[in-house]
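For reference, the chains in residue letters:
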Amino acid sequence: MFVGVEIRQSNAQAKAAAYQSIGTATAAIIDARAHDPAFAELWLKDPVDMTAVEWQQLSQKFTALARLGEMILLQIDQGVLD
């Protein structure tokens, strides 16, 4: 019985840590966007006027967001998150 309670507490701690990590990563992405005037300018730019470098920058920003989504899905798949 003791081992069962310990496992349940350990799982709850892992879940809490996962949620905290997701929250921190999401906040970091939002904060980076909010304080990056170049990104705001790029976001508002007409896609036809964007250079290859600007497309790459935009792609990297969205890759970071996709990575966060992937991390969440992996944790759900592994049973860490519901």
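Residues numbered from 1 in each chain as written. Predicted model: local features only at pLDDT ≥ 70, side-chain atom pairs only at ≥ 80, totals over all residues. Heavy atoms only, no water.

A.B. asks: What should I look at first to understand the overall build of the protein chain in this one?
C.D. replies: Along the backbone of the protein chain there are 3 helices and 0 strands. In sequence order, the secondary structure elements of the protein chain are arranged as α-α-α. Relative to the compact-globule value of 12 Å for 82 residues, the protein chain shows a C-alpha radius of gyration of 19 Å, a clear excess of over 25%. The long-range share in the protein chain, meaning contacts at least 24 apart out of those at least 6 apart in sequence, stands at 60%. (Helix = DSSP H or I, 4+ residues; strand = E, 2+ residues; numbered from the N terminus. Rg over C-alpha atoms; globule rule 2.2 N^0.38 Å. Contact = heavy atoms within 4.5 Å.)

A.B. asks: Help me out: how do you make sense of a nonpolar patch on the surface in this one?
C.D. replies: Nonpolar side chains collect at one region of the surface, where Trp43, Leu44, Phe62 and Leu65 lie side by side and expose about 440 Å² of accessible area between them. Counting residues per element, the ones that place at least two in the nonpolar patch are helix 2 (37-44) and helix 3 (52-77). Mapped onto the elements of the fold, Phe62 is located in helix 3. (Patch = residues over 30% accessible without salt bridge, like charges linked within 9 Å, V, L, I, M, F, W, Y side chains within 5 Å. Areas by Shrake-Rupley, 256 points an atom, 1.4 Å probe, with all protein chains shown as cover. Salt bridge = Lys/Arg side-chain N within 4 Å of Asp/Glu carboxyl O.)

A.B. asks: I would appreciate a short explanation of helix 1 (residues 2-34) in the present structure.
C.D. replies: Along an α-helix, residues three or four positions apart point the same way, because every turn accommodates 3.6 residues. Look at helix 1: 48 Å from first C-alpha to last across 33 residues, which is about the 48 Å you get at 1.5 Å a residue. Listing the buried residues of helix 1 in full gives Ala18, Ile22 and Ile29. On its buried side, helix 1 packs onto helix 3. (Expected span 1.5 Å × (residues − 1). Buried < 20%, exposed > 50% of the residue type's maximum accessible area, 1.4 Å probe, protein only.)

A.B. asks: Explanation requested: the side chain of Glu54 in the structure shown.
C.D. replies: As for its placement among the helices and strands, Glu54 is situated in helix 3. We classify Glu54 as buried; its relative accessible area is 18%. In this structure Glu54 touches Leu42, Lys45 and Asp49, once residues within four positions along its chain are discounted.

A.B. asks: For this particular structure, what's the right way to read the packing of helix 1 against helix 3?
C.D. replies: When two helices pack together, their arrangement is given by the angle between their axes and by how far apart the axes lie. For the pair helix 1 and helix 3, interaxial distance at closest approach is 11 Å and the crossing angle is 170°. The angle between the axes of helix 1 and helix 3 places the two elements in the roughly antiparallel class. In this structure, helix 1 contributes Ala18, Ser21, Ile22, Ala25, Thr26, Ile29 and Arg33 to the contact, and helix 3 contributes Lys61, Phe62, Ala64, Leu65, Leu68, Met71, Ile72 and Gln75. The residue inventory of the contact of helix 1 with helix 3, partitioned by class, reads 10 nonpolar, 3 polar and 2 charged. (Axes fitted to C-alpha atoms, helices over the stretch in contact; angles between N-to-C directions. Parallel < 35°, antiparallel > 145°, perpendicular 65-115°, else oblique. Nonpolar A, V, L, I, M, F, W, Y, C, P; charged D, E, K, R; others polar.)

A.B. asks: Looking at this model, I keep getting lost on the pattern of salt bridges. Mind explaining?
C.D. replies: Two side chains bearing opposite charge may form a pair once their charged atoms approach each other closely. Taken as a whole and judged by the stated rule, the model has 4 salt bridges. As a salt-bridge pair, Glu54 and Lys45 come within 2.7 Å of each other at their nearest N and O atoms. Residue Lys45 is classed as partly exposed on the basis of its relative accessible area, which comes to 29%. Here Glu70 ties to Arg67 by a salt bridge, and the two come within 3.1 Å at their closest N and O atoms. Residue Glu70 and its partner Arg67 are located together in helix 3, separated by 3 residues, close to a single helical turn. On the basis of relative accessibility, which here comes to 44%, the residue Arg67 falls in the partly exposed class.

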